[in-house]
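Residue strings, one per chain:
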Amino acid sequence: MQKVIVVLLIMGLTFSCKEQEKDAIDLSKATILISSGIHSPMHETLENVLVEEIEKRTGIELVTSNDLSPDTTIALVLQGETDFFGEKVPATEGENGSVIKKEGFHIVHKKYGKRNIVWIVGADTRGVLYGIGKLLRIADMESGQIEIANDIDIVSAPEYPLRGHQFGYRNTANSWDAWTVEQFDQHFREQVLFGANSFENIPFQDASSSVHFKIDPQEMEVRLSEICEKYDADYWVWTPAPHDLNVPNAHQLGLEEQEAFYARCPRLDGVFVPGGDPGDNHPSELIPYLKDLSEVLKKYHPNAGIWVSLQGFNEEKVAYFFDYLKTNNPDWLKGLVYGPSSPPIDLERELLPEHYSHRFYPDITHTVRCHYPVERWDQAFALTLGREPCNPLPLQYAKLFKRDAGYTDGFITYSDGSHDDVNKVVWSQLGWDSQQDVHDIIFEYCHFFFGAEIAEEATTGIFDLEQNWVGPVATNNRISETLALWKKMESQHPELSDNWRWQQLVMRAYYDAYIKERLTYEKGLEIKAYEALADAKTVGVESAMGNAMVYLEKADKEPVGQNLKQKVFDYADALFNAIGAQTSVPKYNASGAERGAILDFIDYPLNNRWWLQDEFEKVRALQTEKEKLERLEFIRTYEFPGKGSFYDNISSADAKHVTSQTDDAIDYLWENNGLSRKRLSTQLFQFSPTLVYDELDANSNYLIRVSGYGEALLRANGERLKPTKYEKGFEEFKEFPLPKNLIHDGKLKITFDKPDEDHLNWRKQSRVTDVWILKQ
């Protein structure tokens, strides 16, 4: 009986192994056969991409052949070819019979006796390259092995015709101003393998503007054009008009500069001239310039187009522009670009005549003071990670893409560094198919860049990094769990230690955990400092302040989490050596504090110790002990108004009553190059916040206190209240008695009318930072 069981087990295992063999095709000994209909330079590009990317991951160097292999062949052919070395090219059944849409592909495995052919049929040469990209993203590759599913049969074509990213070779980039031509070539290749078809440069950079430049920017402008030609990707440039076209000769000088550039470029497909940001030209001046520019462009690149945005345009300028289009119907204009500070995207699409294209210019690179901020980001991260950290946000960007991209014909994203690499792939792939599951996109990203063995765990890790930024840091237990996962993967996969994509993701996990540990510690020290201030009447003002400072100074004298901090610095150094990532101004010559310099703010105070130090000096300057005691008591109870009263720091991630949020995250104050000594609550604000309460005592009197800057046109349940105190400076106060008849049901909604300040820069406009409901 036992022998029978053993035999059956062996048979079962044998059968199972055979089934597994059938499930996958071994491509380790495949030859590559490329159709003669695919011409240079794409013929060489397709071969090199397939051979080189497989060799990097497996050590296997596939060879090309002049005939079908008796064993396994990867056949690269164009749609329309019927016979390929005696074998019939597989037909593709689609909406139009056997037609694959532009840039699309069909990957399918066919067996002819003992011969296996993996067909990659492209609608065009781009389609073949995108088919190769899909094959590489889904193939299981490890040392000495490459396999794909035996039943592979994928037909796919892009949903959006324009899918690209900006790579401005300029000093403000936080990494790629340090790149070589070879690094750009590899990076553009990888972006194409995930579906991108366009790249935008920012020319006319001064060669002395970045210490990191490897070659003169004027030479790199041409090299990038050549790389685009190599991969048959569109080459775009972002080139503002002269800042003031009213200046004598500005119009002509601008054209001459552009013409010299056009003449140098072997390929140029699109010229994007922002209407504003920078510049403030009226469309009556800008339009003639654009028309003349189009004539210059056509001399060198007949198929290239002129594009313009309406960024910063007021209603009069917008009306002028669209009236011009309606009246003149210019054929020199290719399309309109929607970017930050443009009119609403749906309105632009509605007003734009259908024969003009509408390009999206979304900002996927910034976290605050930007087009797409992190939603309700905790201030602890905003103060330290800043505006350009490693920011994988697949869920957020999938939601925003589906909300906004449908009004356009595609996109070239705004990017200023490698830190948003995950976001680029998310946009490229959603541009290919907006209905894709974003989990599948991230899995293919990890599968391709990190390997099949770790792909699923790394995918989870990336989504966990996004969840690290959801809600208040202090109560987000996911942060420690995320670090544990990345530490586990870091330990188990040392072979990825030189992979820059891996480095920046692991670094983020350590950084987030360090900030959480610091925040918990430093907030605790601040509470103890306030407890020390409570003894001021007993021990005296000076002693109380001294005792409070003993606790506050522990943050610097007895810091926590130094092992986590050191890991961040180690990875930052590795990233600088790998891709020139500039995470510090003094250490790595970042172009500015807001440009990815996360090391320079890693120890920015997460409690109010700087503010308290300054306040203690103000207390010492007061004349009487009574005044000093009163001020210390006010400082001590600033956020703790007592039972039955309520306090909210506007835009704080843990604000309990605030229901509004800004759509551009300019509510995170930036001053003194990121080193403001203001109270932390003063550094968070909204222009017209909304607060809702449902726990007031209808029989009690209340006073509404507001802090901020400028005006505060406050309404309580829709009724404008009159202030009894109205100070307008930072950390000064306005006070509004709350009539009982407005809260007869214990509920209150506070809103703020927006004052007429459109003539002011947003940095000078009124804002609200703190709101108290004080029970009298």
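Calculation criteria
Residues numbered from 1 in each chain as written. Predicted model: local features only at pLDDT ≥ 70, side-chain atom pairs only at ≥ 80, totals over all residues. Heavy atoms only, no water. Helix = DSSP H or I, 4+ residues; strand = E, 2+ residues; numbered from the N terminus. Polar contact = N/O pair within 3.5 Å; in protein donor to acceptor, adjacent residues only side chain to side chain. Contact = heavy atoms within 4.5 Å. Buried < 20%, exposed > 50% of the residue type's maximum accessible area, 1.4 Å probe, protein only. Axes fitted to C-alpha atoms, helices over the stretch in contact; angles between N-to-C directions. Parallel < 35°, antiparallel > 145°, perpendicular 65-115°, else oblique. Nonpolar A, V, L, I, M, F, W, Y, C, P; charged D, E, K, R; others polar. Pairing = 2+ DSSP bridges. pLDDT = per-residue confidence, 0-100. Phe/Tyr/Trp six-rings, centres within 6.5 Å; stacked < 30°, edge-to-face > 60°. Lys NZ or Arg CZ within 6 Å of the ring centre and 35° of its normal.

(A) Structural view of the side chain of glutamine 205. In this fold, glutamine 205 is placed in the loop between β13 (198-201) and α5 (217-230). Only 3.3 Å separates the side chain of glutamine 205 from the backbone oxygen of isoleucine 202, close enough to count as a polar contact. In this structure glutamine 205 touches Tyr169, Arg170, Pro217 and Glu221, once residues within four positions along its chain are discounted.

(B) Summary view of the side chain of aspartate 464. The residue aspartate 464 is located in helix α14 (residues 455-468) in this model. Given a relative accessible area of 13%, aspartate 464 falls into the buried group.

(C) Layout of the packing of helix α11 (residues 394-404) against α14. Packing of α11 against α14 brings their axes to within 8 Å, and their N-to-C directions diverge by 80 degrees. What the angle tells us is that α11 and α14 run roughly perpendicular. Contacts between α11 and α14 involve Pro394, Leu395 and Gln396 from the former and Ile462, Phe463, Glu466 and Gln467 from the latter. When the residues that make up the contact of α11 with α14 are grouped by side-chain class, the tally is four nonpolar, two polar and one charged.

(D) Region of the structure containing unusual backbone geometry. Residue proline 41 is bonded to the preceding serine 40 through a cis peptide linkage, with omega at 5 degrees. Along the chain, proline 41 turns up in the loop between β2 (31-34) and α2 (42-58). Cis peptide bonds are those with omega within 30 degrees of zero, and the linkage from aspartate 277 to proline 278 qualifies with 10 degrees. Mapping proline 278 onto the fold places it in the loop between β15 (270-274) and α7 (283-300). For phenylalanine 204, which is not glycine, the phi torsion reads 65 degrees and is therefore positive. For phenylalanine 204, the location among the structural elements is in the loop between β13 and α5. For serine 341, which is not glycine, the phi torsion reads 70 degrees and is therefore positive. Within the element layout of this structure, serine 341 appears in the loop between β17 (333-338) and α9 (345-351).

(E) Quick peek at the sheet that holds strand β21 (residues 691-693). In spatial order, the strands read β21-β27-β23-β24; together these four strands make up an open sheet with antiparallel pairing. Sheet topology places β21 and β24 (719-720) at the edges, where each strand pairs with a single neighbour. One ladder, built from three bridges, connects β21 with strand β27 (residues 748-753); its direction is antiparallel. Counted as the bridge partner of leucine 691 is isoleucine 750 from β27.

(F) Broad picture of the environment of threonine 583. Following the sequence through the fold, threonine 583 ends up in the loop between α20 (562-579) and α21 (585-588). With a relative accessible area of 6%, threonine 583 lands in the buried category. Residues threonine 583 and glutamate 388, 195 residues apart in the sequence, show an inter-C-alpha distance of 9.4 Å. For threonine 583, the contacting residues outside a window of four places in its chain are Ala572, Tyr588, Gly596, Ala597, Ile598, Leu599 and Asp600.

(G) Broad picture of the environment of glutamate 731. Looking at the element boundaries, glutamate 731 is found in the loop between β25 (725-726) and β26 (733-738). Each C-alpha atom, one on glutamate 731 and one on alanine 578, is 45 Å from the other, the two residues being 153 residues apart in sequence. Not counting residues within four places of it along the chain, the set of residues in contact with glutamate 731 comprises Trp611, Glu615, Lys678, Arg679, Thr682, Ser707 and Gly708. In terms of polar contacts, glutamate 731 uses its side chain to reach the backbone amide nitrogen of arginine 679, at 3.2 Å.

(H) Representation of the sheet that holds strand β3 (residues 63-64) in the model. If you walk across this open sheet you meet the six strands as β3-β2-β4-β8-β7-β11, and the pairing is mixed. Looking at the sheet topology across the chains shown, the edges are occupied by β3 and β11 (153-156). Bridge analysis of strand β7 (residues 105-112) against β11 gives four bridges, and the strand direction is antiparallel. Residue pairing for β11: histidine 106 is matched across the bridge by valine 155. Taken strand by strand, α2 contacts β2, β3 and β4 (72-78), and its axis lies near 160 degrees from that of β2.

(I) Quick look at the confidence of the model for the protein chain. When pLDDT is averaged across the protein chain, the result is 94; 96% of the residues are at 70 or more. pLDDT under 50 marks residues 1-21. Its contacts with residues more than four places away, or in other chains, come to zero contacts.

(J) A look at the packing of aromatic side chains. All told, the structure shown has 54 aromatic pairs when counted by the stated rule. Pairing tryptophan 179 with phenylalanine 184 gives two aromatic rings, centres 5.1 Å apart and planes at 65 degrees, and the pair type is edge-to-face. Relative accessible area serves as the criterion here: at 2%, tryptophan 179 is assigned to the buried category. Classification of phenylalanine 184 by relative accessible area gives buried; the value is 0%. Arranged with centres 5.4 Å apart and planes meeting at 75 degrees, the rings of phenylalanine 411 and tryptophan 427 form a pair that is edge-to-face. Placement of the pair is phenylalanine 411 in strand β19 (residues 410-413) and tryptophan 427 in helix α12 (residues 421-432), with a sequence separation of 16 residues. Classification of phenylalanine 411 as buried rests on a relative accessible area of 0%. Ring pairs connect the aromatic residues Tyr160, Tyr338, Phe360, Tyr372, Tyr397, Phe401, Phe411 and Trp427, which therefore count as one cluster. The ring of tryptophan 611 has arginine 679 lying over it, and the distance from NZ or CZ to the ring centre is 4.6 Å.

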